[in-house]
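Reading the structure
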Amino acid sequence: MKKILAFLLILGFSLSCFAQKKDFKSEIYIGVKGGKDFSSVRFYPFVQTNFLEGNTGGLVFRMISEPHIGFQVEVNYVEKGWREKPFTGQYANVSYFHHLNYIDVPIMTHVNIGKKNFRFILNLGPEFGFLNSDQQNFNSATEIPTDTEGYKQYYGNKIDAPIDILFTGGIGMEYHLKGLGILSVEGRAFYSLPNVYDSSKYMYKGSQSNGAQVTLAYLFQLNRRK
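Attention in this report is confined to the structure presented alongside it.

The rules behind each value
- Residues numbered from 1 in each chain as written.
- Predicted model: local features only at pLDDT ≥ 70, side-chain atom pairs only at ≥ 80, totals over all residues.
- Heavy atoms only, no water.
- Phe/Tyr/Trp six-rings, centres within 6.5 Å; stacked < 30°, edge-to-face > 60°.
- Helix = DSSP H or I, 4+ residues; strand = E, 2+ residues; numbered from the N terminus.
- Buried < 20%, exposed > 50% of the residue type's maximum accessible area, 1.4 Å probe, protein only.
- Lys NZ or Arg CZ within 6 Å of the ring centre and 35° of its normal.
- Contact = heavy atoms within 4.5 Å.
- Polar contact = N/O pair within 3.5 Å; in protein donor to acceptor, adjacent residues only side chain to side chain.
- Core = buried A, V, L, I, M, F, W, Y, C linked by side-chain atoms within 4.5 Å.
- Pairing = 2+ DSSP bridges.
- Axes fitted to C-alpha atoms, helices over the stretch in contact; angles between N-to-C directions.

1. Quick look at the packing of aromatic side chains
Across all of its chains, the model carries 22 aromatic pairs by this definition. Between W82 and Y154, the ring centres sit 6.2 Å apart and the planes meet at 65 degrees, which makes this aromatic pair edge-to-face. One end of the pair, W82, is in strand β3 (residues 69-84); the other, Y154, is in the loop between β5 (118-138) and β6 (163-177), with 72 residues separating them in the sequence. When the centroid spacing of 6.2 Å and the interplanar angle of 65 degrees are considered together, the rings of F87 and Y91 count as edge-to-face. Residue F87 is classed as buried on the basis of its relative accessible area of 4%. Residue class for Y91 comes out buried when judged on its relative accessible area of 14%. Here a set of aromatic residues connected by ring pairs shows up, and it is made of F43, W82, F87, Y91, Y96, F138, Y151, Y154, Y155, Y197, Y202 and Y204. The residue whose ring lies beneath K80 is Y102, and the NZ or CZ to ring-centre distance is 5.1 Å.

Here's what the structure looks like:
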């Protein structure tokens, strides 16, 4: 219940920030973005996991409806997951990889600071993820016996949450090129609300994904003043 209330508060805050009177000419942008994603999963009881590096890219729509504030919606393809080194002894060099690829749709409040060509930016709000593929493997040609110490009960099983709900926030900077669009660099962090694995099926009461992104975006203003 607390997670649901937190999500509703985030969504309400995001929507309220751009549902206001327009006192100036709105700025509307579209563009593309791409970069790197570093993700993992936090388990409880604790499992030692490491960040898995992936790629991300997609489309961006931004409307600034008030001075320095508006909203930003994206549709991104994101490579997420996690990796582990679960074994000791003869399998000490074996790593486990779980790759989860999503179509993510963040709906965020956008804030910018600065009036001229250079601006600092803040993006904050909820994000919806739709699972596209679920793959896992060991970096070993040798089959690992299931009774090996450190072998987890979820190995070989797909995740139980095909739809993800996250909270995401990012800060960055952008430069407005005269008549040529915007170049934007942003660092972003995200944290998932649902569990990756159903706690009624596994011993893990918590299994939320989390991580960070570093991206470069190019935006073009549709209603640029002549």
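2. Here's the deal with unusual backbone geometry
Phi is mostly negative for residues that are not glycine, and the peptide bonds are mostly trans. In the segment running from Y44 into P45, the intervening peptide bond is cis, with an omega of 5 degrees. Structurally, the position occupied by P45 is in the loop between β1 (27-44) and β2 (52-66). Here the phi dihedral of H68 falls at roughly 75 degrees; this positive angle occurs in a residue that is not glycine. The topology assignment puts H68 in the loop between β2 and β3.

3. So, the environment of H176
For H176, the location among the structural elements is in strand β6. Distance from H176 to N117, taken between C-alpha atoms, is 4.7 Å for residues 59 residues apart in sequence. With near-sequence residues (within four places) excluded, H176 lies in contact with Y29, N117, R119, G181 and I182. In terms of polar contacts, H176 uses its side chain to reach the side chain of E174, at 3.1 Å.

4. Observations concerning the nonpolar core
F43, W82, Y154 and Y197 are the most contacted members of the largest nonpolar core, which totals 18 residues. Secondary-structure elements contributing two or more residues to this core are β1 and β4 (96-113). When residues in this core are grouped by element, the largest group, 3 residues, is from β4. When near neighbours in sequence (up to four residues on either side) are disregarded, Y197 contacts F43, W82, Y96, H98, Y154, N157, K158, I159, D160, Y202 and S207.

5. Looking at the environment of F51
Among the structural elements, F51 can be located in the loop between β1 and β2. Judged by relative accessible area, which is 46%, F51 ranks as partly exposed. Residues F51 and V41, spaced 10 residues apart in sequence, show a C-alpha to C-alpha distance of 8.3 Å. The residues contacting F51, other than those within four sequence positions of it, are F38, S39, S40, R83, N210 and G211.

6. With respect to the side chain of S39
Within the fold, S39 resides in strand β1. Overall, S39 belongs to the buried group, its relative accessible area being 1%. Separated by 2.9 Å, the side chain of S39 and the backbone nitrogen of G81 make a polar contact. Excluding anything up to four places from it in sequence, S39 contacts N50, F51, L52, E79, K80, G81, W82, F190, N210 and G211.

7. Remarks on the sheet that holds β6
Taken in spatial order, the 8 strands close into a barrel running β1-β2-β3-β4-β5-β6-β7-β8, and their pairing is antiparallel. Sheet twist, expressed as the average angle between the axes of neighbouring strands with direction ignored, equals 25 degrees. Bridge count for β2 against β3 is 10 bridges, and the pairing is antiparallel. Residue pairing in the sheet places T56 in a bridge with V78 of β3.

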